[in-house]
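Remarks on the overall topology
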Amino acid sequence: MITFIMSNPFKPGARSAASARPPRQPLEALAGSGLANLVDRVRWLDALDRVLRQSLPATLAGQCRLANVDENSMVFLVSAPVWKASLRLHADVLRDAAAAAGIPARTLVVKVAPPEPVVPTGPDRSKPLSEAVRDSLRATAHSVSDPGLRAQLLKLAAASGKSTDDA
């Protein structure tokens, strides 16, 4: 569980008075609500994350992300256990970079959080069912008494090719 500490030693940039324009980013949509402090905190953490990761090797910087900072510790998320070990080896570098940015964090907490799986958005590239499988689905459909199940089996058989059965 990640907790956010709302006390922020840094003041994020001043807000623009142009709030009449439509939001360009999801966080901007929340800025006008009571969640403005949270939005500012997220932006601040994102900016600090970019600063701290600059002190790391490029391969490691691409596999980790700053999740939280409080007065005593920095919490980083990494994509795999191997990166956790590697980031721990760079703890002194991160603490020095944090100190240079005005963050007095003494400890580094590293947690493994695998990235979310990417859901393909392109065209469906699944293989069509063979004629034998479609015949089997149709035969199964005709052997069941439940009309809903029968309809679904026939629909599945027809979806992968031309079907001569109507139900």
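An account of the accompanying structure is given in this report. (Residues numbered from 1 in each chain as written. Predicted model: local features only at pLDDT ≥ 70, side-chain atom pairs only at ≥ 80, totals over all residues. Heavy atoms only, no water.)

**Examining the overall build of the protein**
Each helix and strand in the protein was counted, giving 7 helices and 3 strands. In sequence order, the secondary structure elements of the protein are arranged as α-α-α-β-β-α-α-β-α-α. Split into buried and exposed, the 167 residues of the protein put 26% on the buried side. For the protein, long-range pairs separated by at least 24 residues make up 53% of all intrachain contacts whose partners lie at least 6 apart in sequence. Of the roughly 11,300 Å² that the protein leaves accessible, carbon and sulfur atoms contribute 59%. (Helix = DSSP H or I, 4+ residues; strand = E, 2+ residues; numbered from the N terminus. Buried < 20%, exposed > 50% of the residue type's maximum accessible area, 1.4 Å probe, protein only. Contact = heavy atoms within 4.5 Å. Areas by Shrake-Rupley, 256 points an atom, 1.4 Å probe, with all protein chains shown as cover.)

**Considering the pairing of strand S2 (residues 73-78)**
Along S2, 5 of the 6 residues are buried, which leaves the element largely enclosed by surrounding structure. Looking at chain direction, strand S1 (residues 64-69) and S2 are connected through 5 bridges and run antiparallel. Paired with Leu66 across the strands is Phe76, a residue of S2. Here S1 folds back onto S2 in antiparallel fashion, the turn holding 3 residues. Note that S2 and strand S3 (residues 107-112) share 6 bridges and pair parallel. (Pairing = 2+ DSSP bridges.)

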